[in-house]
Amino acid sequence: MQKIDIVTMEIKDVPEAAALEKLYFTSPWSEKALMETINNPLSYFLCAKHEDKLIGYAGMYSANSEGYMCNIVVDKSFRGKKIGTSLLIGLLNYSKNMQLKFLSLEVRKSNKIAINFYKKLGFEIQGIRKNFYSLPQEDALIMTIYLYS
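Here's a quick rundown of the structure. (Residues numbered from 1 in each chain as written. Predicted model: local features only at pLDDT ≥ 70, side-chain atom pairs only at ≥ 80, totals over all residues. Heavy atoms only, no water.)

Relative to each other, helix H1 (residues 14-24) and helix H2 (residues 31-38) sit at 125°, their axes nearing to 9 Å. What the angle tells us is that H1 and H2 run oblique. Regarding H1 and H2, the two cross each other, and that crossing is right-handed. Every residue of H2 that contacts H1 at Val14, Pro15, Ala17, Ala18 and Glu21 is listed here: Glu31, Leu34, Met35 and Ile38. Looking at the contact of H1 with H2, its residues break down into seven nonpolar, no polar and two charged. (Axes fitted to C-alpha atoms, helices over the stretch in contact; angles between N-to-C directions. Helix = DSSP H or I, 4+ residues; strand = E, 2+ residues; numbered from the N terminus. Parallel < 35°, antiparallel > 145°, perpendicular 65-115°, else oblique. Left-handed = near helix turned anticlockwise from the far one by under 90°. Contact = heavy atoms within 4.5 Å. Nonpolar A, V, L, I, M, F, W, Y, C, P; charged D, E, K, R; others polar.)

Written out as C-alpha cells, the structure reads:
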C-alpha cells in the first residue's frame, strides 16, 4: 500500500495544485488565485502527498458559522484509493472544530460520480444554480451537509 499524507496546504504546494487544476478543470484556478486563496485567513486547504508530490487537494472558506467547499481534485492515477474521502473528511473535521453549522458545495449536474461521492458522506441536494458552470455551460447542484443546528 502506498503511503499518502494529508497535510495543510502551504505556499510551496501552489504550483503543483495549479498543475492539477489545469489537468482536470475546464476553468482552472491560476497559481495567483490559489495563492491569494490559501493566504486568506477565512480559507482552509488540505493536500494529499505521495513521496512529497502533491496528488490531490481540497479547500474551503468559512464565514459566519458557514462553510463553503470551493475545490477538490485527486490525480487520476491515484483515484479509487479513498484520497478524496480523506481530504473531504479533513474539511468536515475542520468545519466541526470551527463549529460551522454546515458545509456546502456546488457540483456539475452531470457529474454523477461526484454527486454519489458527496451523498455517501452525508451531503444532500439543496438546490440548483442555473448556468453556474461554463465550458460547457451547465447547472450546478448545491449540496450541503448540516453539522450543527
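Omega for the peptide link from leucine 135 to proline 136 comes to 0°, which places this bond in the cis form. Along the chain, the position of proline 136 falls in the loop between strand S6 (124-133) and strand S7 (138-146). The phi dihedral of asparagine 131 falls on the positive side, at around 50°, and the residue is not glycine. Relative to the elements of secondary structure, asparagine 131 occurs in strand S6. One non-glycine residue, leucine 135, adopts positive backbone phi at about 55°.

Right, let's talk about the nonpolar core for a bit. Counting 28 residues, the largest nonpolar core has Leu88, Leu91, Leu103, Tyr118 and Phe123 as its most contacted members. Looking at this core, the elements with two or more residues in it are strand S2 (43-50), strand S3 (53-63), strand S4 (66-74), helix H3 (83-97), strand S5 (102-108), helix H4 (112-120) and S7. If you tally residues by element for this core, the top one is H3, at six residues. Excluding residues that lie within four positions of it along the chain, phenylalanine 123 makes contacts with Leu88, Leu92, Leu103, Leu105, Tyr118, Met143, Thr144 and Ile145. (Core = buried A, V, L, I, M, F, W, Y, C linked by side-chain atoms within 4.5 Å. Buried < 20%, exposed > 50% of the residue type's maximum accessible area, 1.4 Å probe, protein only.)

Once that is clear, we can look at the packing of aromatic side chains. Counting across every chain of the model gives seven aromatic pairs. Relative to phenylalanine 102, the ring of tyrosine 68 lies with its centre 5.8 Å away and its plane at 85°, an arrangement referred to as edge-to-face. Pair noted here: tyrosine 68 is in strand S4 and phenylalanine 102 is in strand S5, with a separation of 34 residues, a long-range link. Owing to a relative accessible area of 14%, phenylalanine 102 belongs among the buried residues under this scheme. On the numbers, 5.2 Å between centres and 55° between planes, the contact of phenylalanine 117 with tyrosine 118 is tilted. (Phe/Tyr/Trp six-rings, centres within 6.5 Å; stacked < 30°, edge-to-face > 60°.)

The values are spatial; any link to function lies outside them.
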